[in-house]
Amino acid sequence: MAVGTNIRTFFDGTWHEGDVPVMRAADHGSWLGSTVFDGARYFEGVAPDLGAHCARVNRSAKALLITPTISADDMVEIVREGLATYSPAQAVYIRPMYWALDGGPSGVLPKEGATGFAICLEQIPMAPAGTTTTLTRTRFRRPTLDSSVCNAKAGCLYPNNGRMLAEAHAKGFANALVADAMGNVAETATANAFMVKDGVIFTPIANGTFLAGITRSRHIANLRADGFEVVEKVLTFSEFDEADEVFLSGNMTKVTPVTAFDDVTYQEGPVTRRVRELYWDWALSAD
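Residues numbered from 1 in each chain as written. Predicted model: local features only at pLDDT ≥ 70, side-chain atom pairs only at ≥ 80, totals over all residues. Heavy atoms only, no water.

With that settled, consider the pattern of salt bridges. One pass over the structure, following the stated rule, counts 14 salt bridges. A salt bridge links Glu 17 to Arg 8, with the shortest nitrogen-to-oxygen separation between them at 3.3 Å. Judged by its relative accessible area of 60%, Glu 17 is exposed. The buried category is assigned to Arg 8, whose relative accessible area is 10%. Between Arg 274 and Asp 226 there is a salt bridge; the shortest N-O distance is 3.0 Å. One end of the pair, Arg 274, is in helix α7 (residues 270–286); the other, Asp 226, is in the loop between α5 (214–225) and β12 (230–233), and 48 residues separate them in sequence. In this structure Arg 274 comes out as partly exposed when scored by relative accessible area, which is 26%. (Salt bridge = Lys/Arg side-chain N within 4 Å of Asp/Glu carboxyl O. Buried < 20%, exposed > 50% of the residue type's maximum accessible area, 1.4 Å probe, protein only. Helix = DSSP H or I, 4+ residues; strand = E, 2+ residues; numbered from the N terminus.)

So this is what it looks like as structure tokens:
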């Protein structure tokens, strides 16, 4: 599924031009969904937290019992080699991926050491400042670790996110604010969520039902270094109803202000704008 343009693919030890086929019909990942991926970003000549994203895809593989085959450091070097063909003016989505090739005796359990690996680079513009989104409730919830691989960025989790988005779109909203098994706020269908009340920033505490994102952690560190109080805690939907500002955190767009949650509306406030400023200042100085 090509979302962007100007695609380059690393597969079988070398870079290829275009969207190269990498998976066979009989691969374990094709018919049993044993796929993991991660996403990093290249923009304005930098690739912030690239090493952290490469390390996480290896952790995700292990969570699905797939044997990772490339160290995070080597993966970073491969990605940088591929990025050298893009200009700093071109924003790129960086997607390293693993999948199981074979199953064990039952066919279901991935066979140790039988692993496919690829990296896809796609030119996708960064969302411009001023881009906003809207949220609504959904009847679908985040799973728990005893029933799904919530500790991995796994392809098999995304059909549930897809039906959250389908419900939100049918109601006239762009995204969904999603509950965990206990009915408290976990995240949205595509990103981690933050809210601001009386100058204090709150975000749902990581409870094993969602990935506490790399960009989420970066925002928390940046905000605390800038003197803000950031609190990770159990949050209810009513607390989001009463928030002064709400924004989303994700790798694709980094910071997205929320202007509505069902019938509640928000302004893009000063804290949200400061989060964006802090991230760009850090990214352009740290890479």
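On to the layout of surface pockets. By volume, the second largest pocket is sized at about 180 Å³. Lining the second largest pocket we find His 28, Leu 32, Gly 33, Ser 34, Leu 64, Leu 65, Val 108, Leu 109, Pro 110, Val 149 and Cys 156. The class makeup of the residues in the lining of the second largest pocket is eight nonpolar, three polar and no charged. (1 Å grid on protein atoms, 1.4 Å probe; cavity = no way out; pocket = protein on both sides within 12 Å on 5 of 7 lines; lining within 4 Å. Points joined across faces, edges and corners; volume = space filled by probe spheres on them. Nonpolar A, V, L, I, M, F, W, Y, C, P; charged D, E, K, R; others polar.)

Further remarks concern the state of the cysteines. A disulfide bridge is the covalent bond that connects two cysteines by way of their sulfur atoms. This model, assessed by the stated rule, comprises zero disulfides. Of all cysteine sulfurs, the one in Cys 156 lies closest to Cys 150, which takes part in no disulfide; the gap is 9.5 Å. Given a relative accessible area of 42%, Cys 156 falls into the partly exposed group. (Disulfide = S-S within 2.5 Å.)

When you line up the elements, His 53 lands in helix α2 (residues 50–63). Taking relative accessible area as the criterion, His 53 reaches 2% and is therefore assigned buried.

So, on to the pairing of strand β2 (residues 14–17). The two faces of a sheet get side chains in turn, since along a regular strand they alternate between them. Where strand β1 (residues 5–11) and β2 come together, four bridges link them in antiparallel fashion. Following the sheet pairing, Phe 11 is matched in β2 by Thr 14. Between β1 and β2, which pair antiparallel and follow one another directly, the connecting turn spans two residues, one of which, Asp 12, has a positive phi of 55°. (Pairing = 2+ DSSP bridges.)

Following both chains from N to C, one finds α5 and α7 inclined at 100°, their axes separated by 10 Å at the closest point. As far as their axial angle goes, α7 and α5 are roughly perpendicular. Each of Thr 215, Arg 218, His 219, Asn 222 and Leu 223 in α5 lies in contact with α7, whose residues at this interface are Val 275, Leu 278, Tyr 279 and Trp 282. When its residues are assigned to classes, the contact of α5 with α7 shows five nonpolar, three polar and one charged. (Axes fitted to C-alpha atoms, helices over the stretch in contact; angles between N-to-C directions. Parallel < 35°, antiparallel > 145°, perpendicular 65-115°, else oblique. Contact = heavy atoms within 4.5 Å.)

Keep in mind these numbers describe shape, not what the thing actually does.
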